[in-house]
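Structural overview
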Amino acid sequence: MASKAVPFYQRRHKHYDQDYRSTQTKYLIHEYSASSSRASSSKSRTSQSNVSAQALGSESIKVGPHSKRLRSTADEEIVEYAVPLFRTRSVAEQDEYKRRVVHFGNELSSLESEVHSAWEATRRQVDKLAIQRVVEEKMAFERHVREECMIRAPEFLVRLRTHTVWEKSPVKLFCTVEGYPNPIVKWFKDNVIIDTASEPGRYRIDSKYGVHSLEIHRCEVRDTAQYTAVATNVHGQTSTNASVIVKRYRGEEEPYHSVLLPMQIPMLPEITYTKIDIMFLEKFEVTFGTEGETLTLVCKMMIVPDMANLQPEAQWYRDDVRIKESKWAEMKFGAGVARLTLTHLNKDDEGLYTLRMVTKGGSSQHCAYIFVRDAESTVVGAPGAPMDIKIHDANKDYVIVSWKPPNITSDSPVIGYFVDRCEVGTENWIQCNDSPIKICKYPVHGLFEGRSYMYRVRAVNNKGISRPSRVSEAVAALDPADLARLQVIHLERGKQIVICQDELEGDVKIPGPPTNVHASETSKIYVVLSWEPPAPRGRESLMYYIEKSMVGSGTWQRVNTQIPVRSPRYAVFDLAEGKQYLFRVLAVNKFGTSDASEPTAPIQVHELYGIPSAPGRILATRNTKTSVVVQWDPPKQAGGLIGYYIDSSIVGSKQWKTCNNKPVKHTRFVVHGLTTGEKYIFRVKAVNDVGFSEESQESSPINVHAALTSPSPPYGITLLACDGHSMTLGWKHPRYSGGSKITAYYIDQRDVADLHWKETNVPPIKERIYKVENLKEGSFYEFRIQAANLAGVGLPSDASDHFKCETWVMPEPGPSYDMTFCEVRNTSLVIQWRAPIYTGSSAVTGYHVDICEMGSEEWKTVNEKTINHRYLKVSDLEEAKSYVFRVRAVNAAGVGKPSDVSEPVFVQARPETLEIASGVDEEGNIYMSYKCNEMTDISQFVWCKSYEEITEFDRVSIETEGDHSKIVFKNPDKEDLGTYSVSVTDTEGVSASYVLEDKELEKLMALSHEIRNPMIPLKTELSYEIFERGQVRFWLQAEKLSSAVNYRFIVNDQEVTNSETHKIKCDSSTGIIEMVMDKFTAHSEGTYTVQMQDGKAKNQSSLVLIGDVFKAALEEAEFQRKEYLRKQGPHFLEYLYWHVEEDCTVMLICKVANVKKETVFHWYKDEVEIIPEEPDNVMSGICKLPIPQFSKKDQGVFKATLTDDRGQDVSLFEVAGKVFDDIINGISRIAGSSASELKIQCTPEGIRLQCHMKYYTEEMRTVWSHKDTKISSSEKMRIGGTSEQIWLQICEPTDKDKGKYTIEILDAKQSYHRTIDLSGQAYTDAYAEFQRLKQAAFAEKNRGKVIGGLPDVVTIMENKTLSLTCTVFGDPTPEVVWYANEKEIELGDHFKVTLEQGKYASLTINGVSTEDSGKYGINVRNKYGGETVNVTVSVYKYGDDLPAPKLGQMPKPAPPPVQKPAAKQPQPPKTGRQTRK
């Protein structure tokens, strides 16, 4: 059993035994375990005598897990008949017990049998359900597995194959696809789904057993397309495609018919493999770039068939040399797009670029020329960089570098080149030549063997050095002969031995002499010597020394004395021109020097070839409208020719520009980038490595226009109407006219069932609409059209659609036709069309225009309401997107058939797009003009109004000259308002329009009237000015006047002539006409007029001097007369004005003139003379009066006077009102800018915030604020200041006074703020200091002191009574002590001391004697302190002279009681004299 495999439907379940095969059984097992545990717990509580009953109970449990109810009943009965252990039964009870046991056993047996039967039935039912469910699960699983194996996305087992068939032959495309669910296959032709209902019988689509087919019964040329089968189901989508190419019989060629088949059915050609066709959709054009830029060439193409496993290879070529992937060129190809990115343009990149798409069956290619201009030079006038750096003859320590020179059309000639080298892996460029080398080739020595180097070249002229060229490829310095000296010996099993020839030389150590020494290259500058290495070489590395000898000298001179040569090449410089030299070479290794080689034949420095001669005859011919083909004859002397440079110049400009920046090797070049219509001349110069040739002769001038060719085919053939036997056709103008006007159209037609075309019209058709007659009703026809010009008939167009010849009976109009587009701008264009030929049952009433963005299938109507004109300007388009359009005509019956869909229109304005300009010419004619820069010989301007060509010229005339055309209005009025447009034929849609509105026309008509009725333009109308003597000048100025101008002045209708009182003159050079009146009086009031005539032009100007205007002029004249008289004596050149100095001193200043030494100057204020400390010097021309500490007291009238014998002048200046405010503002500006930061100063009254400044006065506008709230002066907050500071006194400060304080000083324009934060520690310290000063002030106020009464010196006669009395003060009342000569006085009859009322103290000395003379003092003191005052007493005897008095001393305050020392405070400034009371 252990090895038995578990059934598949049991693998997802957890199994206990093979009997339990369902989750229900698993659940019953769980229930069984639970019931067993409950039963065992009940048995433990029963008696030992109930063993049999318990056994029966246990058997009842075995009935099955489903008999839960029965089990519980049995348990109850067992418990009911259980006998306790401590009870003893009687005999009767024992018998009854046995009877009951037997009876119960019988019933239990019967019940057990019934339960067992029920259990068996239940288990069978459960197992049946479990097996049924398992079977269903297995079937569902197998079905899921089978479906999972079958489900997959569509996949083509057999893909479509490309077919080539003859026209009229059937073709059938097959493919086989599989997938689950069965995929749905849809067929597409050129990405358009094939609708079999649109052309019944043409296509047949079939699908049987997974094989899908598309059959085309009668192939036509238009069936040539790419067909795609797309298979789709819910799991994905896939597609396969193939091309069908329908070939048409040409000329009289007929297909080969089998004799076994009817002649009408051509045989299918032999099926062959078709090559991959590549059609370029978007091509890169001729491009101009600049060195350093990044350029990407993009070419988009359609590949048919496009097979992922068989893609063409994109190969890029420059001048027929394939381009390799590098850091300079990145190539990508995929999704039908080939890209070449030139990451950093250089002139090396210039050339003809070709993209070749190579397949196994051939290649397709496109080419265009890329021009690369020189980058802007770092030095003005420096030449362009050289190019095409090549490395030749690389060896161990020697290479030759060559390059191509830059073109020097407009630069100074190149005088030489510098060659630089750089070791690979470093950025250290080393210049190889000390002086510029003149030829384009240079040998570089001094290389290290085994290292790689890159090289670059710079050109030099007399302006500077060019940018460096592009670096060359890295080249290693190795001897190419080393590999040739190796011999390989091949052994068995692929082994080989490599032996160097040096190892076969034996014991030879000293090398042999070199051989075959010769000159491999000769020039005017150097000679390159070459030789063969010695044999034997000496088995060591070799070096060479070169020696030279002038022929006939007999002496040899070592050439390379400093640098040994390791390569068998060496360039010898510094050879005398015209001299012949011999050379020999010695080989050296570490063992010694070889013998000298054989000398060379005599060698002389000379050029193998010189500068090439000028190219021969040059011919320029037309190519396109922006290019010209230039051809020339090669130069007669063309040794070492590198190529040619072509220059172009616009005729008459005398400025030559380079056409190519890289030499071209051929004698034919297409010059691109020319301006259409301009006339050019060309010249060519040849270049080799020696230099440039002379320029060739200039070509004949040529106008740049496209060459004349036959036109391209017409297109857009449309059926416009049909009546059952004729069809009216319309078509569009060829896209390219071939440089000549289209003169005719020719139509071919054929029945669809016919193979041959036949001519429809023999005479040429001039218009692009034609009615084809004699057709068969019900037949299908197709048409093709050819256009013709002077060059001939062009190619036929593609065949039209199949048109059925049946009568049109629809009531709606037919299609509009000939849709054209003009005025294509970045967000708008104008579409035009022609009315339908078939109008339906009623006339056409309007049109709808529909638009669709390319790539979308959603058509939107541009105009919801119909328009009745055949043009519409479509706006709000997205720039750089393509759109297609169609037009639907509307009549009373409804909307007609839409026109053919237009070709895509790319919405983007052409570069240098010009617009119509309006104006007025010199004769006053209103015109609109337009200039076209893309004119060809056959281009014509077509002017339209409301997009209808102007054919009647009764209101306008059209004038065209060259590339300019204008429409001139003959009699312009409101009938000429509207939209005018112009288009230029034979261009790429050059067109513009102009809306002439009413306001614009009025403006132009006003300008026309001015021109036709000319007026002399005036710069200045008639004006007047008053001279210093009171004379009045009347004048005007015209724009321009001739010497023949006539003019006259008219005053109050009376002409004034030139006289002494009225001086009249005209200056034609400046256009000024003037009259000077000597006396301007009250009688001069009136009107002044000047009339002028200069040829046909006239004008006049008037000036009215009446009323207040005249009074003002008269007052001014009188004032000027008085001023003139005033200035004859001393006078004020400038009257008094004020100025504030930097120290805030106000200066009153005046300037005087015409003064002399005797002139007296005085200052007055309010008629009181002011005598300044320093008298004014009038000869200096400036007088100043300083006013220090300016304030209100300085208001008043200041006067300055000048007086001498010639007269007097006075200047008054009132300092009051606004003048006073302005001065205060000026002081505030200087004081505010000089204000210091706010500081804290404590006083006994409180905390003082003060700010120092240069000057302060209470008239200055200042604002104090606390916490941004303005403070007004009060008992609490006192505002004040001195002349040098302003302060805010906070009396008795509290916590509420904490915070930020700001003072704002204002002048007229700005304010100055100073701020301090009085909070925190700053407030704490200030408050403590305030308390200390407050206590000190209180003590000072209440201490004992003498407040008056005592003199300094007392003189008294002997025997007199002396009484010294003074007033004392103190609170509390002080103690008074008197002293005599520093000792306290002992009181008695002689000395008596009194103190009355506590304030009057006196000392009385009775009967003074000379002994009482001396110094007496009184000391007054209380608890707050005191002071001592001394008095000197002099006693003299009767009859003696009075003794000289001696000064006493100021009272000395006694120190107060000892307190905590206070911090030192700054002393307030002294503002006056101190005196003692």
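Now for a description of the structure that goes with this document. (Residues numbered from 1 in each chain as written. Predicted model: local features only at pLDDT ≥ 70, side-chain atom pairs only at ≥ 80, totals over all residues. Heavy atoms only, no water.)

**Observations concerning the overall build of the protein chain**
- Looking only at helices and strands, the protein chain features nine helices and 99 strands.
- In the protein chain, which comprises 1477 residues, the proportion classed as buried is 41%.
- Put simply, of all contacts in the protein chain between residues at least 6 apart along the chain, 64% involve residues at least 24 apart.
- Of the roughly 83900 Å² of accessible surface on the protein chain, 51% is carried by carbon and sulfur atoms. (Helix = DSSP H or I, 4+ residues; strand = E, 2+ residues; numbered from the N terminus. Buried < 20%, exposed > 50% of the residue type's maximum accessible area, 1.4 Å probe, protein only. Contact = heavy atoms within 4.5 Å. Areas by Shrake-Rupley, 256 points an atom, 1.4 Å probe, with all protein chains shown as cover.)

**Focus on the nonpolar core**
- Of all hydrophobic cores here, the largest spans 52 residues; its most connected members are Phe1161, Trp1163, Phe1190, Ile1227, Met1253 and Tyr1301.
- By residue number, the principal contributor to this core is helix α8 (residues 1217-1234), which donates six residues.
- For methionine 1253, the residues in contact, after removing those within four places along its chain, are Ala1231, Ser1234, Ala1235, Met1260, Glu1284, Ile1286 and Ile1305.
- Ile1016, Val1051, Met1077 and Met1092 belong to the second largest nonpolar core, which has 28 residues in total. (Core = buried A, V, L, I, M, F, W, Y, C linked by side-chain atoms within 4.5 Å.)

**Some points on the side chain of lysine 732**
- Locating lysine 732 in the fold gives a position in strand β44 (residues 727-732).
- Since its relative accessible area comes to 11%, lysine 732 is described here as buried.
- Of note is the side chain of lysine 732, whose polar atom sits 3.0 Å from the side chain of glutamate 903. (Polar contact = N/O pair within 3.5 Å; in protein donor to acceptor, adjacent residues only side chain to side chain.)

**Here we look at the pattern of salt bridges**
- Enumeration according to the criterion identifies 63 salt bridges in this entry.
- Ionic pairing is found between glutamate 282 and lysine 300, a salt bridge with its closest N-O pair at 3.9 Å. Placement of glutamate 282 in strand β10 (residues 277-282) and of lysine 300 in strand β12 (residues 295-304) is noted, with a sequence separation of 18 residues between them.
- Judged by relative accessible area, lysine 300 falls into the partly exposed class, the value being 33%.
- Via salt bridges that share partners, Lys189, Arg202, Glu220, Arg222 and Asp223 belong to a single interconnected network. (Salt bridge = Lys/Arg side-chain N within 4 Å of Asp/Glu carboxyl O.)

**A look at empty space enclosed by the protein**
- All told, the structure shown has two cavities of 30 Å³ or more when counted by the stated rule.
- Its boundaries defined by the atoms lining it, the largest cavity holds a volume of some 40 Å³.
- Here the lining of the largest cavity is composed, by residue class, of four nonpolar, no polar and four charged. (1 Å grid on protein atoms, 1.4 Å probe; cavity = no way out; pocket = protein on both sides within 12 Å on 5 of 7 lines; lining within 4 Å. Points joined across faces, edges and corners; volume = space filled by probe spheres on them. Nonpolar A, V, L, I, M, F, W, Y, C, P; charged D, E, K, R; others polar.)

**Things to note about unusual backbone geometry**
- Here tyrosine 180 and proline 181 are connected by a cis peptide whose omega angle stands at -5°.
- Its location among the elements puts proline 181 in the loop between β3 (171-180) and β4 (184-189).
- Going from aspartate 1371 to proline 1372, the amide bond is cis rather than trans, its omega being 5°.
- Here proline 1372 is to be found in the loop between β92 (1362-1369) and β93 (1375-1380).
- Despite not being glycine, aspartate 1166 has its phi angle at roughly 50°, a positive value.
- Tracing the backbone shows aspartate 1166 in the loop between β77 (1160-1165) and β78 (1168-1170).

None of this, on its own, says anything about what the molecule does.
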